[in-house]
Amino acid sequence: MLRNVKDQWWKAMVQSRGDVVGIDSAIIQARAVWKASGHEDVFTDPMVECRNCNARLRLDKLDDPNQCPNCGKRDTFTEPKNFNLMFKTHAGPVESDENLVYLRPETAQGIFINYENVRRTNRLKLPFGIAQIGKTFRNEITPGQFVFRTREFEQMEMEFFCRPEEAPSWFSYWQDQRLNWYTDLGIDSDNLRIRPHGDDELSHYSAGTVDIEYAFPWGWDELEGIANRTDFDLRQHTEHSGEDLRYYDQESDERFFPYVIEPSAGATRSMFAFLMDAYQEEEVAGEKRIVLKLDPRLAPYQVAVLPLSKKAELIEPARKIADSLRSDYMVEFDETQSIGRRYRRQDEIGTPLCVTFDFDSLEDQAVTIRYRDTMTQDRVSVDRLSEAIASALAG
Ligand code: GAP
């Protein structure tokens, strides 16, 4: 499912656009990159320690800044310390200061340091974007809430370079695009909102940020940030590396630093929201049915092939059908327990279609397609199955 979320993002942000290209940059990056980007100095969270139970906590996430949520005691916190979230390691065999490197805490810097190579080799003209999906590492003080906050996660980021005067309109354009991406893939729009950052929340590089938030069980919380990073990063890297990253506009004969609009989403966090939004409990014939009404593009399996009984005369042809579908779909094959239980199992993992091979199939060369959401069934001949599946999944 995570792979499907990432594939859908890539399709929307890179494949279907003529103005965005993709890269895959290094995870371990030189200290100089993180000095230039400002992360070494300011990528910190305020940490306090409880003198009573020794819990270490993020001050800005506490409901009550004077009460420890771990032991309940009041006024036991130490003075807040700024804790840098970057993981350190050493490149090469010597653990010296000169060899200090960091695991990236955002994929974005890999885009900025490759910006000029990518622009030149792809002959890109403003406005254009460079996108990347990849692992990101943050030494979070308080990871938790399933995969909402982890120390190792995946980001889906795109840096969209434009003329400075066009930045405000691209900023609002990308907010619309990104909100639509979530609703198109099935999230109820009532569970999404856009929240602008207050001045005190803005990252060190941002002239304006909004969060796309989802109504998680604990309240509204961030799914994705969309920031106007101005020309901060290209200027910083120019200053620190000596490489002139200004853009030359032939028509106006001007040289300037482009501005950057950055939609930055968490892949793992988005997957979590899609899961939560798709989860439903229904009553069917007096029994509870749990069903994940996932968009077929996100479901881990699109089709389950279920032989009605474990008899070899059904298993073998059913397996053949399953194998014939594998080049186009993720296919489950399940031969255990009653057919009713197997349907429920597929409902719970969000499989949109079940294909049942029964004793009649041996005679009429047809199978039953059962639809997850409506639980209705159709009889389809085996030689038309692939076509029927494609049309059912396309909605
Ligand atoms: N380049 C900008 C940037 O990194 P961010 O708001 O710090 O911005 C972007 O991170 C997204 O990455 C967040 O909206 C969230 O979805 C995801 N994210 C951040 N920290 C995370 C963590 N510890 N665990 C899971 N996802 C995280």
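Quick word on the overall build of the protein
Thinking step 1. Scanning the protein from terminus to terminus reveals eleven helices and 22 strands.
Thinking step 2. If you line up the protein on its principal axes, its C-alpha atoms span 75 × 65 × 50 Å.
Thinking step 3. By residue count, 49% of the 395 residues in the protein fall in the buried class.
Thinking step 4. Of the contacts formed within the protein by residues at least 6 apart in sequence, a portion of 64% connects residues at least 24 apart.
Thinking step 5. Averaging the positions of the 49 positive and the 69 negative side-chain charges in the protein gives two centres separated by 4 Å.

A look at the pairing of strand S21 (residues 366-371)
For a regular strand, side chains alternate in direction, first toward one face of the sheet and then toward the other.
Thinking step 1. The element S21 is largely enclosed, with a buried count of five among its six residues.
Thinking step 2. By the bridge criterion, four bridges tie strand S20 (residues 353-357) to S21 in an arrangement that is antiparallel. Across the sheet, the residue bridging to Val355 is Ile369, located in S21.
Thinking step 3. As paired elements, S21 and strand S22 (residues 377-381) share five bridges and run antiparallel to each other. Each bridged residue has a counterpart across the sheet, and for Thr368 the counterpart in S22 is Arg379.
Thinking step 4. Turn length for the S21-S22 hairpin, with the two strands adjacent in sequence and antiparallel, is five residues, and the turn residue Met375 shows positive phi of about 60°.

Focus on the sheet that holds strand S7 (residues 100-103)
Thinking step 1. Reading across the sheet, the three strands line up as S2-S7-S6 and stay open at both edges, with antiparallel pairing between neighbours. Each of the sheet's edge strands pairs with one partner strand only, and the pair in question is strand S2 (28-30) and strand S6 (88-90). Taking the axes of each pair of neighbouring strands and ignoring which way they run, one obtains an average angle of 45° across the sheet.
Thinking step 2. Direction of pairing for S2 relative to S7: antiparallel, over a ladder of three bridges.

Here we look at the site of the ligand
Thinking step 1. With respect to spatial proximity, 20 residues lie near the ligand, and among them Glu106, Glu140, Thr150, Glu157 and Glu222 are the closest.
Thinking step 2. Contacts to the ligand include Phe148, whose backbone N or O atom sits 3.4 Å from a nitrogen atom.
Thinking step 3. Within the complex, the protein chains bury 91% of what would otherwise be the 550 Å² of accessible surface of the ligand.
Thinking step 4. Among the elements of the structure, strand S9 (152-162), strand S12 (219-230) and strand S15 (259-266) are those that each provide at least two residues to the shell around the ligand.
Thinking step 5. With five residues, S12 is the single largest residue contributor to the shell around the ligand.
Thinking step 6. Tallied by class, residues from the shell around the ligand come to five nonpolar, five polar and ten charged.

So, the packing of aromatic side chains
Thinking step 1. Counted by the stated rule, this structure contains 20 aromatic pairs.
Thinking step 2. Relative to Phe161, the ring of Tyr115 has its centre 4.7 Å away and its plane inclined at 45°; by these criteria the two rings are tilted. On the criterion of sequence distance, the pair formed by Tyr115 in helix H4 (residues 108-121) and Phe161 in strand S9 is long-range, its members being 46 residues apart. The pair formed by Tyr115 and Phe161 is uniform in burial state, with each residue classed as buried.
Thinking step 3. Ring geometry for Phe128 versus Phe161: centroids 5.4 Å apart, planes at 35°, classification tilted. Of the two residues, Phe128 sits in strand S8 (residues 128-137) while Phe161 sits in strand S9, which places them 33 residues apart along the sequence.
Thinking step 4. When its relative accessible area of 0% is taken as the criterion, Phe161 is described as buried.
Thinking step 5. Members of the aromatic cluster, joined through ring pairs, are Phe146, Phe148, Tyr214, Phe216, Trp218 and Phe272.
Thinking step 6. The ring of Tyr343 carries Arg370 above its face, with NZ or CZ at 4.5 Å from the centroid.

Concerning the packing of H4 against helix H6 (residues 232-241)
Thinking step 1. Taken N-terminus to C-terminus, the directions of H4 and H6 make an angle of 60°; their axes are 10 Å apart at the nearest point. Between H4 and H6, the angle falls in the class oblique. The crossing of H4 and H6 is right-handed. In this structure, H4 contributes Gln109, Phe112, Ile113 and Tyr115 to the contact, and H6 contributes Asp233, Leu234 and His237.
Thinking step 2. Split by residue class, the contact of H4 with H6 holds four nonpolar, two polar and one charged.

Concerning the layout of surface pockets
Empty space left among the atoms is revealed by rolling a probe the size of a water molecule over them.
Thinking step 1. Reported here for the second largest pocket is a volume of approximately 330 Å³.
Thinking step 2. The set of elements that each furnish at least two residues to the lining of the second largest pocket consists of H4 and strand S13 (247-249).
Thinking step 3. At three residues, the largest contribution of residues to the lining of the second largest pocket is made by S13.
Thinking step 4. The residue inventory of the lining of the second largest pocket, partitioned by class, reads six nonpolar, one polar and ten charged.

Digging into the environment of Leu393
Thinking step 1. Assignment of secondary structure puts Leu393 in helix H11 (residues 385-394).
Thinking step 2. Separated by 169 residues in sequence, Leu393 and Glu224 have C-alpha atoms that sit 28 Å apart.
Thinking step 3. Those residues in contact with Leu393 that lie beyond four places of it in its chain are Pro296, Gln302, Tyr329, Pro352 and Leu353.

Basis of the calculations
Residues numbered from 1 in each chain as written. Predicted model: local features only at pLDDT ≥ 70, side-chain atom pairs only at ≥ 80, totals over all residues. Heavy atoms only, no water. Helix = DSSP H or I, 4+ residues; strand = E, 2+ residues; numbered from the N terminus. Buried < 20%, exposed > 50% of the residue type's maximum accessible area, 1.4 Å probe, protein only. Contact = heavy atoms within 4.5 Å. Lys, Arg positive; Asp, Glu negative; His and termini not counted. Charge placed at Lys NZ, Arg CZ, Asp CG, Glu CD. Pairing = 2+ DSSP bridges. Axes fitted to C-alpha atoms, helices over the stretch in contact; angles between N-to-C directions. Near = heavy atom within 4 Å. Polar contact = N/O pair within 3.5 Å; in protein donor to acceptor, adjacent residues only side chain to side chain. Areas by Shrake-Rupley, 256 points an atom, 1.4 Å probe, with all protein chains shown as cover. Nonpolar A, V, L, I, M, F, W, Y, C, P; charged D, E, K, R; others polar. Phe/Tyr/Trp six-rings, centres within 6.5 Å; stacked < 30°, edge-to-face > 60°. Lys NZ or Arg CZ within 6 Å of the ring centre and 35° of its normal. Parallel < 35°, antiparallel > 145°, perpendicular 65-115°, else oblique. Left-handed = near helix turned anticlockwise from the far one by under 90°. 1 Å grid on protein atoms, 1.4 Å probe; cavity = no way out; pocket = protein on both sides within 12 Å on 5 of 7 lines; lining within 4 Å. Points joined across faces, edges and corners; volume = space filled by probe spheres on them.

Keep in mind that these numbers describe shape and distance, not what the molecule does.
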